[in-house]
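Breakdown of the fold
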Amino acid sequence: GVVRCHHRGTMAPRVHAGAASIYCRGPLLAAVQEARLFDDSKTFVDLPMRSDPADVAHAFAHLEPGAAREELADFVALHFFPSPDAALEPCSPPDATDAPPVAEMLPRGPA
């Protein structure tokens, strides 16, 4: 079957050192939360970045301070994928199988 196994763009699926400056603190997070671009405070931090966090922070630094909500929404749409899984590409690993040998060693349920 097809599984989702790798990220598009430059962000790896692991924690990126600079991501904390975007998702955990800083002016971009504050602006997004203050503008209430999303229904909750979790959605934004779940969106994968389209590029390196330093590039996103640099671009945000050039956005007009106090930018209108619509301009901020456009910025987020440009620099972030629209959903948490949107940055994943379908792939089929060459060793994937529907019946891996280890499955034969697992208990089958009540005897």
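Everything below is about the structure shown above.
Residue numbering note: each chain is counted from 1, following its sequence as written. Local features in a predicted model are, by the rule used here, given only for residues with pLDDT of at least 70; side-chain atom pairs are given and counted only at 80 or more, and totals for whole chains, interfaces and linings are based on all residues. As a rule here, side-chain values come from all non-hydrogen atoms in the structure, and water together with hydrogens is ignored.

**Re the packing of aromatic side chains**
Threshold: Classification of ring pairs rests on two measures: the distance between centres of Phe, Tyr or Trp rings, Trp counted by its six-membered ring, which must be within 6.5 Å, and the angle between planes, read as stacked under 30 degrees, edge-to-face over 60 and tilted in between. Every helix listed is a DSSP run of H or I at least four residues long, and every strand listed is a run of E at least two residues long, numbered separately from the N terminus. When a residue's accessible area, from a 1.4 Å probe over protein chains only, is under 20% of the maximum for its type it is buried; when over 50% it is exposed; and in between it is partly exposed.
The full count for this structure, using the stated rule, is five aromatic pairs. Aromatic side chains Tyr23 and Phe80 sit 6.3 Å apart centroid to centroid with 70° between the ring planes, which places their arrangement in the edge-to-face category. With Tyr23 in helix 1 (residues 20–23) and Phe80 in the loop between helix 5 (69–79) and strand 2 (88–91), the pair connects residues that are 57 residues apart, well separated along the chain. For the pair Tyr23 and Phe80, a shared accessibility class is recorded, and that class is buried. Arranged with centres 5.6 Å apart and planes meeting at 65°, the rings of Phe60 and Phe75 form a pair that is edge-to-face. Remark: Phe75 occurs in helix 5 and Phe60 occurs in helix 4 (residues 53–61); sequence separation between them is 15 residues. The burial state of Phe60 is the same as that of Phe75; both residues are buried. Cluster of aromatic residues (ring-pair linked, three or more members): Tyr23, Phe38, Phe44 and Phe80.

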